[in-house]
Amino acid sequence: MDGMRVVENFDDIGALEDIPRLGARTVTTTLGDVAVFRTADDTLYALRDQCPHKAGPLSQGIVHGDSVTCPLHGWVISLQTGHAMGLDKGCTPRFTVKVENGRILLASGVIA
Amino acid sequence: MNMMSSARKKLVVVGNGMAGMRTVEEILQRAPGMFDITVFGAEPQPNYDRIMLSPLLAGDKSFEQIVINSLAWYQANNIKLITGEAVQDINRYSRTVTGEHGSVSRYDILLLATGSNPFVLPLPGVTRPGVMTFRSVADVEQMLSIAAPGKNAVIIGGGLLGLEAAHGLNLRGMSVSVVHLMPTLMERQLDASAAHLLERKLGARGMNIYISANTESFDGAGDNGHVQSVTLKDGQCLKADLVVMAVGIRPNATLAKACGLATDRGVLVDDTMRTSDPDIFAIGECIEHNKQCYGLVAPIWDMAKVAADHICGVAQPVFSPVAAGTRLKVSGIEMFSAGAFMGDKSTEDIVLRDAARGVYKRLVLREDRLVGVVCFGDTRDAGWYFELLKNGDSLGTLRDTMIFGPATATGDPDTALAALADSAEICGCNGIKKATICNAIAEHGLTTIEDVRTRTKASASCGSCTGLVEGLLKLSLGADYAPEAAKPMCKCTLHGHDEVRRRIKNAALKTIPAIMQAMQWLTPNGCASCRPALNFYLLVAWPGEYVDDAQSRLVNERMHANIQKDGTYSVVPRMWGGTTSAQELRAIADVVDKFSIPAVKVTGGQRIDMLGVKKEDLRAVWQDLNAAGLVSGHAYGKALRTVKTCVGSEWCRFGVQDSTALGVALEKATWGSWHPHKVKLAVSGCPRNCAEATIKDFGVVATDAGWDLHVGGNGGIKVRATELLCKVMTEQDVMEYACAFLQLYRMEARYLERTAPWIERVGLKYVQERIVDNAEIRTALFADFLYAQKFAQTDPWAEEASDKTLGRKFNAIAELV
Ligand code: SRM
Ligand SMILES: Cc1cc2nc3c(=O)[nH]c(=O)nc-3n(C[C@H](O)[C@H](O)[C@H](O)COP(=O)(O)OP(=O)(O)OC[C@H]3O[C@@H](n4cnc5c(N)ncnc54)[C@H](O)[C@@H]3O)c2cc1C
Ligand code: SF4
Ligand code: FES
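(A) Up close: the overall build of chain B. When helices and strands are tallied, chain B shows 27 helices and 37 strands. Looking at chain B as a whole, 51% of its 817 residues qualify as buried. Only carbon and sulfur atoms are counted for the fraction: they give 53% of the accessible area of chain B, which is about 35,300 Å².

Below is the structure:
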C-alpha cells in the first residue's frame, strides 16, 4: 500500500523521444537529480538518481525489463518500486511520471 | 394510422452504423413493435460491417458481402431509414431532430450512435487531393480510384488501421511505405518483441517501414495540386500518389455537445448508457464511459445489450467493460493481443519463442491470474488464453505448462516429441528426419549434440532445432544422456556464449532482438550481463553493418569515459606508445584550468588521466582536446587500451630495435578495436623488457635477431606471465601476427574473458596452429581485422561533437529548480 501519494503539479520535462528506449535521462531538481527511465514497452519510471547502495547514478545503468542495473557495483533496482532486488536491501524514492500527447510529465511529489 | 403511431413510442436513431443497428436489433428481439423507429444515416449505404473495409480494400470481399442490414431488412421491420442525410440539430425541448436536408422527426427516446471521426494531422498540404483517411466505404472507393500497380502509397500511422490499409494497397500492387511516429509498430497492441517480428514480416512483403519517423508536410504542385510526395521531419522525401492517414480516431460528439449534453472526449454516459438527458441514450465509439472511449466492437456489443434492456425497460443491467482482444486482419500474419499485455507493477512474464516457426508468445500474470496475452505467428491458442484472461480464475498447476497451449498444457514437451512420427522433419535447414537422427544415435552410439551434428548435420546450420535434437538424445539414451555442460550466458537464456556466437554467424542474426527471438530468450529484453555481450558479438560478426546499440553498452563505453565512485568521470586521451608533445601537454593543461578538473595523474599505462570531470563538461572538454589533435584513449572500454613502449634503440644504450616507433605503429593500427575484454600491448627494445611486455595480452620483445612475440599475460590479482608464441624477423611480421592474434581473440573468446584465461582454456597450441603454422588462416585473420578497423577507428568524441543530438545524453533534459 502506498502511504502518502502527492500527485499534484505535473511539470512538462520534455518529449518521449528525448529518452532512448531502454535508456534514461536526468532532470535537475532542488532535491537532486531525478532519473527518468524508458523501458522497451515505452513505460516511464522516475527514481531519484541515486543507488541505495553507494549513491551510484542509476540513470547511467543498463535498463532491462522493469529494472536497472546500477553502473557502479551492479545492484539491480526495480523501476516499479525503487527497491533493490535479490538479496540486496535498500530503496530509492519514486516519482510519478506519465506521458500525454508525447510529452513527459513529472509530478513533483515523491511517492512514499 | 395516426392513432396507431401516436400510441407507440418514437425511437429515433442518429447514426446508421454498427453500434446503432446492433442496438435496434437487440430492441426488436426484446420488444418487437414497441417503437416507431426512424434511423438517420449520414452515409448513403445501408448498415455495413466497417471491420470488413480492410478485406474490401484488399479485394478479398465485395460490398454486398459486407452489408449487415440490407434495405429489405429495414422494410421488413418497419424501420424508416433516411440515408445520406446527417442530423444537424437536436432540440431537446420540442424533442425533435432535424436533418441537413430538412427532414424532421419527433422522438420519445433518442439514441446517438454517431461513431468517431478519424484524426487528421494539421500539417501543411493536408487538404491536397489524394490525402485521405480510412473510415468508410467512400474512403475505400477513393483509394481504389487512385490505386494501381507501380504507384506509391504512403500510410501515416503504423497501428492496426494503418497496417491493414498498407496491406490492402500492397495487394493492389502499390509500392507502400508506412511512416510511424513510435519506435515500434502497433505499440498499443503489441510489445516490442512481437512488433519486431511484425516489422520483419511486412518488410519481407516489400513494404518500407519508417519507424520513429515524423511527418513534416504533404507536397505537390501549387497550393492545391494533387499530392506527389511526403516530407519527413528528418528531411527524407517519399513519393506518394496516395496518402492514407491512420493516426487515431476521435469520438464524434459534435451533435451532443451542440444540444447541451455533457461531453468530454466523447458523449458522457452512465452505466445504463444514458447521457445527461434521461431520454437520450448514446452508444458505440461516440461515448465516454468512466473516462474510457472505445474503438473495438466487442465492448460495443455489450453496450447494445445494456441499452436495449433499458430502452425497452425489460431489465436493469449495468455496462461493465471486459478486456477486448485485437487481431490484425492481414492474411498470413497471425497476431493477437489482449489485456495488460505490456505488464505493469507486480506482473510476471512467461515468454515462449519458437524461432523456427517465427512464433512469439507472452503471457502476463498478476499473482496467479492471467491478465495479458500477446501471440504472434501462432494464434491457435489465443481463444483459450482469452477465456482464461476473461474468467480471471486462479491458474494453479496450469501455470507451468499453459504457454504450450491447451493441448500440451498438462503433458510435457518430451511426450510430444516422443509422439512425433518417424518421418517428421526435425532439422529444416538440412532436411533431417526424426528417424534419421534416432537411427544414427543407435547405430553409432552417439552421446552428444556435437556427435549428432557431425554424423547427421542435424542442427548444424541455423541451430534452431538444437532443443529438439537434444530431446531425441534424451529419448534414445534415457538416463545415460548427460547434456553438455555449456554454462548459460546468464539467466536470460539456456545457451552458452559459444553457441550464441555460432548462431549469430550461421543464422545471420543481425540485431539483438533477432538473437533473442531466434534463440528463445527467456526475458523480454535481456539483462545488464547478456546485452553488452550480444552487442559485442554482433559488432565482431557484422563489421560495417551492425549499428552499435548504445543502450546495451556499459556506462563507461556509453559515456566514453570512466565513471568514478562519486559519479564524476575521468578522461584519458591517447598518447601513442606513451609519447607526447609540448602542444598536447599544453592543451591538457588548458583544459584542466578551464574546467577546474580536480586531479591529474600519470597512469600505469603511460598516459595522463584527468579525474573528477563532471558529466555535463565531458563534451566541452573533448571539444578542446580534439581541437589539439588528441583522441579518446578508450581507458574505459573493453577495447584496445594502451601500447606501452620503452625508449628503445633511438636513445637507450642497450636497445637493439626501435621499440617506440613499432609501438606507435601498433597503436595506430589497433586503436578503436572492440574486444571481449580490455587488451594491452607493449614493445620493449631489448630483453631487459622495461615496457613489461611479458605481462601484456600481446607483448613484443626485441632481440638481436628480430622480435619475440609473447601472448596471454596480465597483471591484476592473478598475475600471469606470457607464453612465447613465436619469433619473427620484421616489423611487418609483428604487425601481421599481432593483428591476426587480436582478431582470433575477438572472434573466439567469450565476452569478459581476457586473453590469459582464453589461452588457458583453448591452449597455446591451438593459437599457434592458427597464427604461426597456417599462413593462410593468419593472413585471412589479418585481413578481417583491417577490414573491421575501417569502421572502428572513429574518435567517439569527434562523433559526439558532430552529432545532431548535441550531446543531449550528457545533460539533464529539464531543470526544475
Ligand atoms: C588509471 C589506471 C591506474 C593509474 O593511475 O595508473 C588504472 C585504473 C583502473 N584500472 Fe587498471 N589502471 C591502470 C593500469 C593498469 C595496469 C598497468 C598497465 O596497463 O600496464 C594493470 C596491470 C596490467 C593488466 O592489465 O593486466 C592494470 C590492471 C587492472 C585490472 C586487473 C586486470 C586483470 O586482468 O586481472 C583491473 C580490473 C579489471 O579490469 O577487471 C583494472 C581496473 C582498473 C579500473 C578500470 C577499475 C575500475 O573498474 O574502475 C581503474 C579505472 C580508473 C579510472 O577511472 O580511470 N586494472 N591496470 C591505469 C590506466 C592505464 C591507462 O592509461 O589506460
Ligand atoms: C478499416 C477498419 C477496420 C476495423 N477493424 C476492426 C476490427 O478488426 N475489430 C474491431 O473490433 N473493430 C474494428 N474496427 C472498428 C469498428 O469498425 C468500430 O468500432 C465500429 O464500427 C464502431 O461502431 P459505431 O456504430 O460506434 O460507429 P460507426 O460504425 O462508424 O457508425 C457511425 C455512423 O454514424 C454516422 N453518423 C455520424 N454522424 C452522424 C449524423 N450527425 N447524422 C447521421 N449519421 C451520422 C456515420 O456516418 C456512421 O455511418 C475497424 C474500423 C475500421 C474503419
Ligand atoms: S628495454 Fe631497457 S634496455 Fe632495452 S631499450 Fe628499453 S630501456 Fe633500454
Ligand atoms: S552504488 Fe549502485 S551498486 Fe553500488
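(B) Quick peek at the interface of chain B and chain A. At the interface, 38 residues of chain B touch 36 residues of chain A. Taking both partners together, chain B and chain A bury about 3,000 Å²; carbon and sulfur atoms supply 54% of that area. The interface formed by chain B and chain A contains one salt bridge. A salt bridge links Arg 362 of chain B to Asp 41 of chain A, with the nearest nitrogen and oxygen atoms 3.7 Å apart.

(C) Local environment of the nonpolar core. Residues and elements named next belong to chain B. Ranked by size, the top nonpolar core spans 51 residues in total, and within it Ile 37, Ile 90, Leu 110, Leu 112 and Met 273 carry the most contacts. If you tally residues by element for this core, the top one is helix α10 (residues 297-312), at eight residues. Sequence-distant contacts of Leu 110, defined by excluding residues within four places in its chain, comprise Val 12, Val 14, Ile 90, Val 97, Asp 279, Ile 280 and Phe 281. With 43 residues, the next largest nonpolar core counts Met 143, Ala 165, Leu 185 and Ala 194 among its residues.

(D) Region of interest: the packing of aromatic side chains. Residues and elements named next belong to chain B. Counting across every chain of the model gives twelve aromatic pairs over all chains. Ring centres of Tyr 294 and Phe 319 lie 5.9 Å apart, and the angle between their planes is 75 degrees; on these two criteria the pair is classed as edge-to-face. Taken as a pair, Tyr 294 in the loop between β20 (287-288) and α10 and Phe 319 in the loop between α10 and β21 (325-327) lie far apart in primary sequence, 25 residues in all. When sorted by exposure, Tyr 294 lands in the same class as Phe 319, which is buried. Linked through ring pairs, Phe 698, Phe 741, Tyr 745 and Trp 758 together constitute an aromatic cluster. The ring centre of Trp 542 lies 4.4 Å from the NZ or CZ of Lys 510, which sits over that ring. In this structure, Arg 553 packs its charged tip against the face of Trp 674, placed 3.9 Å from the ring centre.

(E) Layout of the sheet that holds strand β4 (residues 87-91) of chain B. All names here are of chain B. Taken together, three strands build an open sheet; the order of strands is β4-β5-β6 and the sheet is antiparallel. What marks the edges here is a single partner per strand, and that holds for β4 and β6 (104-106). Taking the axes of each pair of neighbouring strands and ignoring which way they run, one obtains an average angle of 20 degrees across the sheet. Strand direction decides the pairing type here: strand β5 (residues 96-99) and β6, joined by three bridges, are antiparallel. Looking at β6, one finds that Thr 98 is bridged to Val 104.

(F) Representation of the side chain of Asn 535 of chain B within the structure. Residues and elements named next belong to chain B. If you trace the backbone, Asn 535 turns up in helix α18 (residues 530-541). Owing to a relative accessible area of 1%, Asn 535 belongs among the buried residues under this scheme. If we ignore the near neighbours within four places in the chain, the residues touching Asn 535 are Ile 512, Tyr 546, Asp 548, Asp 549, Ser 552 and Arg 553.

(G) Main features of the site of ligand 3. With respect to spatial proximity, the complete set of residues near ligand 3 consists of Cys 646, Gly 648, Cys 652, Phe 654, Gly 655, Gly 685, Cys 686, Arg 688, Asn 689 and Cys 690 of chain B. A breakdown of the residues in the shell around ligand 3 according to their chemical character gives five nonpolar, four polar and one charged.

(H) Looking closely at unusual backbone geometry. A positive phi angle, near 50 degrees, is found at Asn 101 of chain A, a position not held by glycine. Along the polypeptide, Asn 101 of chain A turns up in the loop between β8 (94-100) and β9 (103-111). Phi is positive for His 560 of chain B, which is not a glycine, with a value near 55 degrees. Along the chain, His 560 of chain B falls in the loop between α19 (555-559) and β28 (562-563). Residue His 560 of chain B is classed as buried on the basis of its relative accessible area of 14%.

(I) Structural view of the confidence of the model for chain B. All names here are of chain B. Averaged over every residue, the pLDDT of chain B is 89; residues scoring 70 or more account for 94%. When the criterion is pLDDT under 50, residues 1-5 qualifies, and its contacts beyond four places in sequence or with other chains add up to two contacts. Under the prediction, the complex receives an ipTM of 0.64, its pTM being 0.58.

(J) View of the pattern of salt bridges. Evaluated as defined, the whole model comprises 37 salt bridges over all chains. Residue Asp 277 of chain B is joined to Arg 92 of chain B by a salt bridge in which the shortest nitrogen-to-oxygen separation is 3.0 Å. Linking Asp 277 of chain B in the loop between β18 (267-268) and β19 (280-282) with Arg 92 of chain B in the loop between β4 and β5, this pair joins segments that are 185 residues apart in sequence. Notably, a salt bridge pairs Arg 362 of chain B with Asp 349 of chain B, separated by 3.2 Å at the nearest N-O pair. Of the two residues, Arg 362 of chain B sits in strand β24 (residues 359-366) while Asp 349 of chain B sits in strand β23 (residues 347-354), which places them 13 residues apart along the sequence. Owing to a relative accessible area of 3%, Arg 362 of chain B belongs among the buried residues under this scheme. Of the residues examined, Asp 349 of chain B reaches a relative accessible area of 31% and is grouped as partly exposed. Salt bridges here are not isolated pairs; linked through shared partners, they connect Asp 41 of chain A together with Asp 191, Asp 349 and Arg 362 of chain B.

(K) Layout of the sheet that holds strand β7 (residues 109-112) of chain B. Residues and elements named next belong to chain B. The five strands lie next to each other as β3-β2-β1-β7-β19, forming an open sheet whose pairing is parallel. Whereas interior strands pair on both sides, the edge strands pair on one side only; in this sheet they are β3 (79-83) and β19. The average angle at which neighbouring strand axes cross in this sheet is 15 degrees, direction not considered. As paired elements, strand β2 (residues 35-41) and β3 share five bridges and run parallel to each other. When the bridges of β3 are listed, Val 39 appears paired with Leu 81. Most of the contacts of α10 go to β19, to which it runs at about 165 degrees, and overall it touches β2, β7 and β19.

(L) Seen up close, the site of ligand 2. All names here are of chain B. Taken together, 31 residues are adjacent to ligand 2, and Glu 43, Arg 50, Arg 135, Glu 285 and Lys 329 come closest. Met 18 is positioned such that a nitrogen or oxygen atom in its backbone is 3.3 Å from an oxygen atom of ligand 2. Calculation on ligand 2 without its partners gives an accessible area of 990 Å², and the protein chains cover 91% of this total. Elements supplying a minimum of two residues to the shell around ligand 2: α2 (18-30), β2, α3 (53-58), α7 (160-171) and α10.

(M) Spotlight on the side chain of Glu 285 of chain B. Residue and element names in this part refer to chain B. As for its position among the elements, Glu 285 is in the loop between β19 and β20. The exposure class assigned to Glu 285 is buried, which follows from its relative accessible area of 10%. Polar contacts involving the side chain of Glu 285 include one to the side chain of Arg 135, which spans 2.8 Å. Contacts of Glu 285, omitting those with residues within four sequence positions, involve Gly 115, Ser 116, Arg 135, Ile 249, Pro 251, Tyr 294, Gly 295, Leu 296 and Ile 300.

(N) Just the packing of α2 of chain B against α10 of chain B, in detail. All names here are of chain B. At their nearest, the axes of α2 and α10 sit 8 Å apart, and the two run at 45 degrees to each other. With respect to α10, the element α2 is oriented oblique. Pair α2 / α10 crosses with right-handed handedness. On α10, the residues that touch Met 18, Ala 19, Arg 22, Thr 23, Glu 26, Ile 27 and Arg 30 of α2 are Val 297, Ile 300, Trp 301, Ala 304, Lys 305, Ala 307, Ala 308, Asp 309, Ile 311 and Cys 312.

What counts, and where the lines are drawn
- Residues numbered from 1 in each chain as written.
- Chains lettered and ligands numbered in written order.
- Predicted model: local features only at pLDDT ≥ 70, side-chain atom pairs only at ≥ 80, totals over all residues.
- Heavy atoms only, no water.
- Helix = DSSP H or I, 4+ residues; strand = E, 2+ residues; numbered from the N terminus.
- Buried < 20%, exposed > 50% of the residue type's maximum accessible area, 1.4 Å probe, protein only.
- Areas by Shrake-Rupley, 256 points an atom, 1.4 Å probe, with all protein chains shown as cover.
- Contact = heavy atoms within 4.5 Å.
- Buried area = accessible area lost by both parts, 1.4 Å probe.
- Salt bridge = Lys/Arg side-chain N within 4 Å of Asp/Glu carboxyl O.
- Core = buried A, V, L, I, M, F, W, Y, C linked by side-chain atoms within 4.5 Å.
- Phe/Tyr/Trp six-rings, centres within 6.5 Å; stacked < 30°, edge-to-face > 60°.
- Lys NZ or Arg CZ within 6 Å of the ring centre and 35° of its normal.
- Pairing = 2+ DSSP bridges.
- Axes fitted to C-alpha atoms, helices over the stretch in contact; angles between N-to-C directions.
- Near = heavy atom within 4 Å.
- Nonpolar A, V, L, I, M, F, W, Y, C, P; charged D, E, K, R; others polar.
- pLDDT = per-residue confidence, 0-100.
- Polar contact = N/O pair within 3.5 Å; in protein donor to acceptor, adjacent residues only side chain to side chain.
- Parallel < 35°, antiparallel > 145°, perpendicular 65-115°, else oblique.
- Left-handed = near helix turned anticlockwise from the far one by under 90°.

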